[in-house]
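These are the residues of each chain, in order.
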Amino acid sequence: MNLDDVICPCLNVTRGMIKDAVDSGASTLEEVQESTGAGTVCGACVDEVEEYVRELVSEKK
Ligand code: FES
């Protein structure tokens, strides 16, 4: 997996940006959406973003 991969094409949000949000304290899909906007336009990427957030949060513990 590459941190430069765009996970939300609507807003050009990359996996790295999701990871940064989680590293700075976001732990839910909603918090990540607030800081990155990922998944707030067409919604097509929401499931993937949510899964990635869950994965990152569990790695952090
Ligand atoms: S691809 Fe993420 S909101 Fe459209």
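See the structure printed just above.
Everything quoted here is computed from the prediction, not taken from an experiment. Counting of residues starts from 1 at the beginning of each chain's written sequence and follows it residue by residue. It should be noted that, the model being predicted, local features are given only for residues of pLDDT at least 70 and side-chain atom pairs only at 80 or more, the latter also being counted only at that level, while totals for whole chains, interfaces and linings use all residues. Only hydrogens and water are set aside when side-chain values are computed; all heavy atoms of the structure are taken into account.

Draft legend 1. Summary view of the side chain of T14. Here a helix means four or more residues in a row that DSSP labels H or I, a strand means two or more in a row labelled E, and each is numbered from the N terminus. Structurally, T14 is set in strand β2 (residues 13-14). We call two residues contacting when some pair of their heavy atoms lies within 4.5 Å. When residues no more than four places from it in sequence are discounted, the contact partners of T14 are L3, D4, D5, V6 and I7.

Draft legend 2. Region of the structure containing the environment of E50. For E50, the location among the structural elements is in helix α3 (residues 46-60). A 1.4 Å probe rolled over the protein chains alone gives each residue an accessible area, and that area as a share of the maximum for its type sets the label: buried under 20%, exposed over 50%, partly exposed in between. E50 gets classed as partly exposed once you look at its relative accessible area, which sits at 32%.

Draft legend 3. Just the side chain of Q33, in detail. Within the element layout of this structure, Q33 appears in helix α2 (residues 29-36). Given a relative accessible area of 18%, Q33 falls into the buried group. Those residues within four positions of Q33 in sequence are excluded, and the remaining contacts are A38, G39, T40 and V46.

Draft legend 4. Main features of a negative patch on the surface. Patches draw on residues past 30% relative accessible area with no salt bridge. Two like charges within 9 Å are joined, as are two nonpolar side chains (Val, Leu, Ile, Met, Phe, Trp, Tyr) within 5 Å. We get accessible surface area from the Shrake-Rupley algorithm with a probe of 1.4 Å; when it comes to residues, only the shown protein chains can shield them. Between Lys or Arg on one side and Asp or Glu on the other, a salt bridge is scored when a side-chain nitrogen of the former is within 4 Å of a carboxyl oxygen of the latter. Working convention for charge: Lys and Arg count positive, Asp and Glu count negative, and His plus the chain ends are omitted. Charge positions come from single atoms, namely NZ of Lys, CZ of Arg, CG of Asp or CD of Glu. A grouping of E30, E31, E34, D47, E50, E51, E55 and E59 is seen on the molecular surface, where their side chains present a negatively charged patch. Put simply, the parts of the chain that give the negative patch at least two residues each are α2 and α3. The element that contributes the greatest number of residues to the negative patch is α3, accounting for five residues.

Draft legend 5. Expanded view of unusual backbone geometry. We note that N12 has phi near 55 degrees; this positive angle belongs to a residue other than glycine. Mapped onto the elements, N12 comes out in the loop between β1 (6-8) and β2.

Scope: geometric values only; no functional claims are made or implied.
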